[in-house]
Amino acid sequence: MKIFDLIGGWLCLDFTNTADGDINTEWTEHLNSYADLVGWAGQAGLLDEVRAALLLKEADAYPAEAEAVLAHAIQLRMMLYHVFSAVAADETPDLTDFNRAINEAAQHLQSVLKAGDYSWDWSTEPEALDQMLWPVIWSAVDLLHSPQHKLVRECGGNTCSWLFLDTSRNHSRRWCDMKDCGNRAKARAHYHRIKQTG
Ligand SMILES: [Zn+2]
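Predicted, not measured: the structure shown is a model, and the values here were computed from it.

**Student:** Just to check I follow, could you spell out the overall build of the chain for this structure?
**Tutor:** Across its full length, the chain holds seven helices and six strands. The C-alpha extent of the chain, read off along each of the three principal axes, is 65 × 35 × 35 Å. Burial statistics for the chain: of 198 residues in total, 43% are counted as buried. Sequence-distant contacts, at least 24 apart, represent 60% of the contacts inside the chain between residues at least 6 apart. Looking at the chain as shown, the accessible area adds up to about 11300 Å², and 53% of this sits on carbon and sulfur atoms. Considering the chain, the positive charge centre built from 17 side chains and the negative charge centre built from 28 side chains are found 12 Å apart.

Following this line, the structure appears as structure tokens:
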């Protein structure tokens, strides 16, 4: 099974990071099938194994619907990327499609009583193929409305458009992942230095 990197620090940011590379040039897709979307949602804690297996069975029975959900997911991901990339750059995002997505997701939101407490619940439509997208949208609302939206950053890597929450003590995190982008940038600087002196 494909293993996804969950380094965003917030559900909706992890979702935007399901493709790699520079959004304007080389874009490598990691959600290549509906099963990938279910795999990501499982790893992100949105679906348990039983629910994931049920959705894969549904997708087998309704392949065209599953394909449409995947296409919609990728559209939503691009929309979320544009909103939070603008937020990271201290620009004003266009919220038209964002608000449309909120309305869509809210139709599935239920209030339930569980173990003596009332809370929100998304899981009351077990066979809905797009159920993992609703809490993703809601997490985006939570983030945008929280003071933490000021901590959203876009990776400083030349060929990386990943988003993350900078929770470092002095808010100086520049890379999505030091092992990867930070080191690549350092290696590049090193290479240029060697070329100049050599
Ligand atoms: Zn990066």
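Back to the text.
**Student:** Which parts of the structure should I look at to understand the nonpolar core?
**Tutor:** Burial of nonpolar side chains together is a common tendency in soluble globular proteins. If you look at the biggest cluster of nonpolar residues, it comprises 49 residues, and the most contacted ones within it are Tyr-34, Leu-37, Leu-80 and Phe-84. Elements supplying a minimum of two residues to this core: α1 (11-16), α2 (34-43), α3 (49-61), α4 (63-88), α5 (96-106), α6 (133-145) and β6 (163-165). Within the second largest apolar cluster, seven residues are counted, among which are Cys-155, Phe-164, Cys-176 and Cys-181.

**Student:** Can you walk me through the pattern of salt bridges in this structure?
**Tutor:** Enumeration over the complete set of coordinates arrives at five salt bridges. Residue Glu-29 pairs with Arg-77 through a salt bridge whose shortest N-O separation is 2.6 Å. Pair noted here: Glu-29 is in strand β2 (residues 27-29) and Arg-77 is in helix α4, with a separation of 48 residues, a long-range link. Given a relative accessible area of 22%, Glu-29 falls into the partly exposed group. Note that Asp-97 and Arg-100 form a salt bridge whose closest N and O atoms lie 2.9 Å from each other. On the criterion of helical spacing, the pair formed by Asp-97 and Arg-100 is a turn pair, its members being three residues apart in helix α5.

**Student:** For this particular structure, what's the right way to read the coordination of the zinc ion?
**Tutor:** Tetrahedral coordination by four donors places them ideally at 109.5 degrees to one another around the metal; octahedral coordination by six donors ideally gives 90 or 180 degrees. For the zinc ion, the protein coordination sphere consists of Cys-155 (SG), Cys-160 (SG), Cys-176 (SG) and Cys-181 (SG), at 2.2 to 2.4 Å. Its four donor atoms give the zinc ion angles of 106 to 115° at the centre, a pattern that matches the tetrahedral case. All donors to the zinc ion come from one chain, and their sequence spacing reads C-x4-C-x15-C-x4-C. On the accessibility criterion, Cys-160 (8% relative accessible area) is buried.

**Student:** Looking at this structure, I do not really get the pairing of strand β3 (residues 110-114). What am I missing?
**Tutor:** Where a strand is regular, its side chains alternate between the two sheet faces. Pairing analysis gives five bridges linking β3 to strand β4 (residues 117-121), with the strands arranged antiparallel. By the bridge assignment for β4, Leu-113 is matched with Tyr-118. Counted along the chain from β3 to the antiparallel partner β4, the turn is two residues long, and its residue Ala-115 has a positive phi close to 50°.

**Student:** Looking at this model, I keep getting lost on α4. Mind explaining?
**Tutor:** Helical geometry: 3.6 residues make up each α-helical turn, so side chains three or four residues apart lie on a common side. For α4, which comprises 26 residues, the first-to-last C-alpha distance of 37 Å matches the rise-based estimate of 38 Å (1.5 Å per residue) to within 8%. In the stretch just after α4, Asp-90 is the one whose phi turns positive, near 60°.

About the thresholds
Residues numbered from 1 in each chain as written. Predicted model: local features only at pLDDT ≥ 70, side-chain atom pairs only at ≥ 80, totals over all residues. Heavy atoms only, no water. Helix = DSSP H or I, 4+ residues; strand = E, 2+ residues; numbered from the N terminus. Buried < 20%, exposed > 50% of the residue type's maximum accessible area, 1.4 Å probe, protein only. Contact = heavy atoms within 4.5 Å. Areas by Shrake-Rupley, 256 points an atom, 1.4 Å probe, with all protein chains shown as cover. Lys, Arg positive; Asp, Glu negative; His and termini not counted. Charge placed at Lys NZ, Arg CZ, Asp CG, Glu CD. Core = buried A, V, L, I, M, F, W, Y, C linked by side-chain atoms within 4.5 Å. Salt bridge = Lys/Arg side-chain N within 4 Å of Asp/Glu carboxyl O. Donors = N, O, S within 2.8 Å, 3.2 Å for Na, K, Ca; no water. Tetrahedral: all angles 85-135°; square planar, octahedral: opposite > 155°, others 65-115°. Pairing = 2+ DSSP bridges. Expected span 1.5 Å × (residues − 1).

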